[in-house]
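Understanding the architecture of this molecule
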Amino acid sequence: MNIVVCVKQVPDTATERKLRSDDKTLDRDAADGVVNELDEYAVEEALRLKEAHGGEVTVLTMGPAKATETIRKALAMGADKAVHLSDDALHGSDALSTSYALAETLKKIGFDLVILGSESTDARTGVLAAMLAERLGAPQLTLANKVEVNGSAITIQRVTDYGFDRVEASLPAVVSVVEKINEPRYPSFKGIMAAKKKPVETLAVGDAEISAEQVGLASAWSEVVEFAAAPPRAAGTVVKDEGDGGVKAAEFLASKKFV
Amino acid sequence: MSEILVLVEHADGDVKKVTLELLTLARSLGEPSAVWAGPGYTDAAKAKLAEYGAAKIYVASSEEIVDHVVAPKAELLAKLVSDASPAAVLVAATAEGKEIAGRLAIKTDSGVITDAVGLSEGFVADQSIFGGGVNVRSRVTKGTPIVAVRPNSTAPVAEAGAGAEEKVEIALSDSARAAKVVERVKQERGARPELTEAAIVVSGGRGVGSGENFAIIEKLADSLGAAVGASRAATDAGWYPHQFQVGQTGKTVSPQLYIAAGISGAIQHRAGMQTSKTIVVINKDSEAPIFEIADFGVVGDLFQVVPQLTEEIEKRK
Ligand SMILES: Cc1cc2nc3c(=O)[nH]c(=O)nc-3n(C[C@H](O)[C@H](O)[C@H](O)COP(=O)(O)OP(=O)(O)OC[C@H]3O[C@@H](n4cnc5c(N)ncnc54)[C@H](O)[C@@H]3O)c2cc1C
Ligand SMILES: Nc1ncnc2c1ncn2[C@@H]1O[C@H](COP(=O)(O)O)[C@@H](O)[C@H]1O
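Please read all numbers here as calculations on a predicted model, not as lab measurements.

On to helix α6 (residues 245–255) of chain A, then. Here α6 of chain A has its buried residues at G245, G246, A249, A250, F252 and L253 of chain A. All buried residues of α6 of chain A project into a common sector of 155° when viewed along the axis, lining one side.

Next comes the structure, spelled out in structure tokens:
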């Protein structure tokens, strides 16, 4: 099975994240880049499926040059190879352009199964997997907390408000995972060493036959009009419980008309 | 006035509160048309939608729409966008709502904005990003604005609309039928309000210590008519079901009041509750980061403070 995992480099949530004042896009240079947490679960699921059914795992990342750090991490976990879509023309792409660029690349490299995280910690749109399914005309098997492949049949459990749905389709398909699905492995020393030698193919927009008119900030389907740091929350009142903490909390709630 | 499509969220034939919020919001920008997708449409639902201002109600009640994942609803909306040329499409910013919005954006070659917490003139959306650190105003620049609006962003206000019903037949494409739902598994939730919709949420974390102890959190929630939430530490431990997890990889909630007991306030947890209007914290560690965003905090043992708070609320009723 030919599995492609979409992995995104995101700014570390533990550091301060900013928008650039010039073009109002995410300042990717200001913060350390890390693997989007949920994408580690996507990589893990891909590796488990490969271990069970054979095949190959390819990491697909769209991002600036420094995203190679992220790619190496996924390779160190055990992925076989990577495709890095990297081009200045892609800067400022919104969800529509990103899904377009990833879909074109996927068509070019081929796949039986595409696995994504269900959400990134920076954009947090949670729409990429659905958009890829739409663009590729492939079944949408998103928000999975369980994936089973049997020949060309695939079944997932899709997390819902009321519990879950069991959903069936056949390959090729697009899957997104939630973090309850598995426990991502840590790269071993051997894995880290091996990753240095694994092939990473870097593609520019032209190489993947992506139309430059459909990507980048100037072609985005939406724009940031303005932004500002959120006003700090007014400092609250903190009391130490001296046997009446619950009563004091109730008084606070009453003063706000909640009780 | 320009038509605005509002996709109705419903369960067991009941219109969900978020839809009434979206109808209210749509009324401030144009004339809302409700879109009912799937079976379960009733006279009561119709009355509710009209009460909150739906001028039209498009009803596509085919069972098939809910038998496949997301794609049929996007196809239905795309058909209506093409037939009615609305000024905008609003959906609820639930996990599924956002997926519908994403597919619709591609079908209609339109921009999409997710997780709006407000919407004004010209469909300029307010968003709160980076775990609440930055406020952004953004807008769609191509096609029909598609906006996924977070529950609890607007107070629902009734104002009658005509509620003119229009049946819609839709022939689904093969690709919309590609992912088939073969079983729906309901996990009990009790009579409490739904987490993302609730005006008040009471959440417990690792400090609660066990599944049995969550009864303390539930009692406090019930005294306030609130929903119960949990941190990931609590859902991972199996103390509370996963669908109640609040945070980056759980539900995003934005209630009037959020009470966190025994939760430290990790960035991933805060990402799911930071836009709550009022935050009350109970934690025995005065250094816990959750106190930084608390409007009112009690440094103390939750096993003392929470039952006392519950009792005091019951007394004041
Ligand atoms: C990919 C990824 C996604 C994640 N997604 C989420 C998410 O969606 N939601 C989420 O919540 N977390 C998420 N996390 C986990 C997050 O990083 C934290 O580990 C988690 O939120 C901690 O939960 P907690 O606050 O309940 O536990 P802890 O951090 O252990 O805090 C427990 C708190 O309880 C207090 N306490 C203990 N006993 C008592 C007592 N008797 N009385 C009062 N206070 C007491 C302690 O002082 C402490 O502050 C995610 C992590 C990753 C890596
Ligand atoms: N630039 C990118 N390169 C590769 N994968 C991406 C990229 N952006 C998003 N993804 C994938 O899409 C998922 C959802 O991202 P988002 O829609 O931004 O919340 C992520 O978890 C990734 O798997």
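Moving on, there is more to tell.
Once that is clear, we can look at the site of ligand 2. Residue and element names in this part refer to chain A. Taken together, 20 residues lie near ligand 2, and C6, D39, M62, S120 and T125 sit nearest. Backbone polar atom of G117 to an oxygen atom of ligand 2: 3.1 Å apart, as the coordinates give it. One nitrogen or oxygen atom from the side chain of T125 is found 2.6 Å from an oxygen atom belonging to ligand 2. Calculation on ligand 2 without its partners gives an accessible area of 490 Å², and the protein chains cover 97% of this total. At the level of secondary structure, the elements contributing two or more residues to the shell around ligand 2 comprise β4 (56–62), α3 (95–109) and β6 (113–117). Grouping the constituent residues of the shell around ligand 2 by class yields nine nonpolar, seven polar and four charged.

All names here are of chain B. Going through the model one piece at a time under the given rule, you end up with 47 salt bridges over all chains. When the shortest N-O distance is used, the salt bridge between R192 and E218 registers 3.5 Å. Residue R192 is located in the loop between β12 (180–186) and β13 (200–204), and its partner E218 is located in helix α6 (residues 214–224); the two are separated by 26 residues in the primary sequence. Take R192: its relative accessible area is 17%, and that puts it in the buried class. The class of E218 is partly exposed, set by a relative accessible area of 23%.

Around ligand 1, 27 residues are found, and the nearest of them are R206, S231, V246, T249 and S264 of chain B. Chains contributing residues near ligand 1 are chains A and B. At 3.3 Å from an oxygen atom of ligand 1 is found a main-chain nitrogen or oxygen belonging to G250 of chain B. At 2.7 Å, a side-chain N or O of H269 of chain B approaches an oxygen atom of ligand 1. Contributing elements (two or more residues each) for the shell around ligand 1: α7 (232–236), α8 (267–270) and α9 (302–316) of chain B. Split into classes, the residues belonging to the shell around ligand 1 amount to seven nonpolar, 14 polar and six charged.

Below, the discussion takes up a nonpolar patch on the surface. Residues and elements named next belong to chain A. On the surface, F189, I192 and M193 cluster together into a nonpolar patch covering about 310 Å² of accessible area. Summarising the element assignment, F189 is placed in helix α5 (residues 189–195). Taking the relative accessible area as the measure of exposure, F189 reaches 65% and is therefore exposed.

Here we take up the sheet that holds strand β4 (residues 31–37) of chain B. The 10 strands lie next to each other as β12(A)-β9(B)-β8(B)-β7(B)-β10(B)-β6(B)-β1(B)-β4(B)-β5(B)-β11(B), forming an open sheet whose pairing is mixed. Of all strands in the sheet, those with a lone pairing partner are β12 (222–229) of chain A together with β11 (164–167) of chain B, marking the two edges. Within the sheet, the average angular offset between the axes of one strand and its neighbour, ignoring direction, is 35°. Where β12 of chain A meets strand β9 (residues 134–140) of chain B, seven bridges bridge the pair, whose relative direction is antiparallel.

Criteria and thresholds
- Residues numbered from 1 in each chain as written.
- Chains lettered and ligands numbered in written order.
- Predicted model: local features only at pLDDT ≥ 70, side-chain atom pairs only at ≥ 80, totals over all residues.
- Heavy atoms only, no water.
- Buried < 20%, exposed > 50% of the residue type's maximum accessible area, 1.4 Å probe, protein only.
- Helix = DSSP H or I, 4+ residues; strand = E, 2+ residues; numbered from the N terminus.
- Arc of directions from axis to C-beta.
- Near = heavy atom within 4 Å.
- Polar contact = N/O pair within 3.5 Å; in protein donor to acceptor, adjacent residues only side chain to side chain.
- Areas by Shrake-Rupley, 256 points an atom, 1.4 Å probe, with all protein chains shown as cover.
- Nonpolar A, V, L, I, M, F, W, Y, C, P; charged D, E, K, R; others polar.
- Salt bridge = Lys/Arg side-chain N within 4 Å of Asp/Glu carboxyl O.
- Patch = residues over 30% accessible without salt bridge, like charges linked within 9 Å, V, L, I, M, F, W, Y side chains within 5 Å.
- Pairing = 2+ DSSP bridges.
- Axes fitted to C-alpha atoms, helices over the stretch in contact; angles between N-to-C directions.

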